[in-house]
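Structure at a glance
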Amino acid sequence: MTPARTVTLVGGKGGVGKTTTAAALASAHAAAGARTLLVSTDPAHSTGDLLQARLGDEPTEVAPSLWAVEIDAEATADAHVERVRADARRLVGPEIRATVDRHLDLAKRGAGTLESAILDRLAALLVDDAARYDRVVVDTAPTGHTLRLLAMPELLRGWVGGLVRQRERVRGLDRSLANLTGDDAPPDDPVVERLRARADRLTALRRRIHEDAVIHLVCVPERLPIEETVRAEAALREADLRIGAIVVNQVLPDDAEGAFLAARREQQGVHLADIDRRLGHRQVVHVPQLPHDVRGPDDLAAIRAALAAAGLPADPQAP
Ligand SMILES: Nc1ncnc2c1ncn2[C@@H]1O[C@H](COP(=O)(O)OP(=O)(O)OP(=O)(O)O)[C@@H](O)[C@H]1O
Ligand SMILES: [Mg+2]
């Protein structure tokens, strides 16, 4: 059985059942009495639909002991860029403001901006608010993004560190000029302080994920999702992250009748054997395909039952 960790990340290719699995795990934790937060980082935000609740950028209580939040990465990124703009306006002369504005407007849509906004919100929920919840389950965006996201605290920290050093060099120059002219040294730099604070929070987020998180990978018994899962498993292992179960969703139940379904089941059998062969060193959990989409408490209970039969989520009392 996978040992309990306070943070659970659910990853996998698009459309395989990450949101469904994350919601089922979170509701199981809550039903066991743990104060649980379900976090969606997925821009499509299907968690609200699934739980039949209106969710927003701040946690909303959706059931006893269960809170859910859909991170609004765009709003977070916009707010961040506006803070930088306000800082910049204090620091630069009017002649280059238009250039700075153009640069910041581009940055709003730049690669990595949304990802770093998601990291900022995750840091707030997983680090700053750590004491509020016993369990946090994070429903991540499709695998490629997730991996980048998990690698990013390091990338970002390097980038932020470079900016701090650059800024301090400029400040050092300011100071020696001030000394030469007999002026007082300028007060502490708010921009450097903010960059440092951000780098520290990202380091704390990285530590929290490395120390407290287990990652379950969801896939379906088809060729391409299996290939992607094998790659993801290797990359996560390489990054020294703790991998939990391989959740194989949409497995046709044995009692599904008809020649067509029998043929599909046989094909799935080939893929399931492939999963066992290539990922069998992990716990492999099968979740049956329901006759309809998963929506609302009864459907979630069916998914929960399949996970529970395999011991997921792990007993909250376990070490
Ligand atoms: N076991 C299942 N049986 C029947 N339908 C399912 C099952 N699991 C998921 N679904 C349905 O498949 C669709 C995709 O599931 P889900 O939203 O959980 O996937 P996802 O990996 O989060 O997708 P995305 O990558 O778009 O965020 C949904 O309509 C969901 O209701
Ligand atoms: Mg989803």
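Just above, that's the structure.
The structure contained in this document is the topic of the report that follows. (Residues numbered from 1 in each chain as written. Chains lettered and ligands numbered in written order. Predicted model: local features only at pLDDT ≥ 70, side-chain atom pairs only at ≥ 80, totals over all residues. Heavy atoms only, no water.)

Once that is clear, we can look at the packing of aromatic side chains. Under the defined criterion, the tally for this structure stands at one aromatic pair. For the pair Trp-67 and Tyr-133, a centre-to-centre distance of 5.8 Å together with 65° between the ring planes defines the contact as edge-to-face. Of this pair, Trp-67 sits in strand S4 (residues 66–70) while Tyr-133 sits in the loop between helix H5 (113–128) and strand S5 (135–139), and the two are 66 residues apart along the sequence. Take Trp-67: its relative accessible area is 21%, and that puts it in the partly exposed class. Residue Tyr-133 is classed as buried on the basis of its relative accessible area, which comes to 9%. (Phe/Tyr/Trp six-rings, centres within 6.5 Å; stacked < 30°, edge-to-face > 60°. Helix = DSSP H or I, 4+ residues; strand = E, 2+ residues; numbered from the N terminus. Buried < 20%, exposed > 50% of the residue type's maximum accessible area, 1.4 Å probe, protein only.)

If you check the shell around ligand 1, you find 18 residues, and the closest are Gly-15, Lys-18, Thr-19, Thr-20 and Asp-42. A distance of 2.7 Å is found between an oxygen atom of ligand 1 and a side-chain nitrogen or oxygen belonging to Lys-18. Within the side chain of Thr-20, a nitrogen or oxygen atom sits 2.6 Å from an oxygen atom of ligand 1. Mapped by element, the contributors of at least two residues to the shell around ligand 1 are helix H1 (18–31) and strand S7 (242–251). It is H1 that provides the largest number of residues to the shell around ligand 1, a total of three residues. Class assignment for the residues of the shell around ligand 1 results in five nonpolar, nine polar and four charged. (Near = heavy atom within 4 Å. Polar contact = N/O pair within 3.5 Å; in protein donor to acceptor, adjacent residues only side chain to side chain. Nonpolar A, V, L, I, M, F, W, Y, C, P; charged D, E, K, R; others polar.)

What follows is about the side chain of Thr-47. Note on placement: Thr-47 falls in helix H2 (residues 47–51). A relative accessible area of 2% places Thr-47 in the buried class.

In this section: the pairing of S4. For S4, the tally of buried residues reaches four of five residues, placing the bulk of the element in the interior. Across five bridges, strand S2 (residues 36–40) lies against S4 in parallel orientation. Looking at the pairing, Thr-36 lines up with Leu-66 of S4. Here strand S3 (residues 60–63) runs beside S4; their pairing, made up of three bridges, is antiparallel. Bridging from a neighbouring strand, Ala-63 pairs with Leu-66 of S4. Joining the antiparallel neighbours S3 and S4 is a turn of two residues, in which Ser-65 adopts a positive phi near 65°. (Pairing = 2+ DSSP bridges.)

With that settled, consider the sheet that holds S3. Spatial strand order, S3-S4-S2-S5-S1-S6-S7-S8: eight strands in an open sheet with mixed pairing. Sheet topology places S3 and strand S8 (283–288) at the edges, where each strand pairs with a single neighbour. For this sheet the average axis-to-axis angle between neighbouring strands, irrespective of direction, equals 25°. With five bridges connecting them, strand S6 (residues 213–219) and S7 associate as parallel partners. Bridged to Val-214 within S7 is Arg-242. Sitting on the sheet, helix H7 (residues 190–212) touches strand S1 (7–12), S5 and S6, and the angle it makes with S6 is about 75°. (Axes fitted to C-alpha atoms, helices over the stretch in contact; angles between N-to-C directions. Contact = heavy atoms within 4.5 Å.)

In this structure, Val-39 and Leu-122 are the most contacted members of the largest nonpolar core, which totals 34 residues. Counting residues per element, this core draws most heavily on H5, at six residues. Within the second largest apolar cluster, 27 residues are counted, among which are Ala-24, Val-218, Val-285 and Ala-306. (Core = buried A, V, L, I, M, F, W, Y, C linked by side-chain atoms within 4.5 Å.)

In this structure the tally under the stated criterion is 15 salt bridges. We note a salt bridge from Glu-58 to Arg-121, for which the minimum N-O separation is 3.8 Å. Note that Glu-58 is positioned in the loop between H2 and S3 and Arg-121 in helix H5, a separation of 63 residues in sequence. When its relative accessible area of 11% is taken as the criterion, Arg-121 is described as buried. Put simply, Glu-82, Arg-85, Asp-101 and Asp-105 are held in one network by salt bridges that share partners. (Salt bridge = Lys/Arg side-chain N within 4 Å of Asp/Glu carboxyl O.)

Spatial relationships are all this shows, so hold off on functional conclusions.
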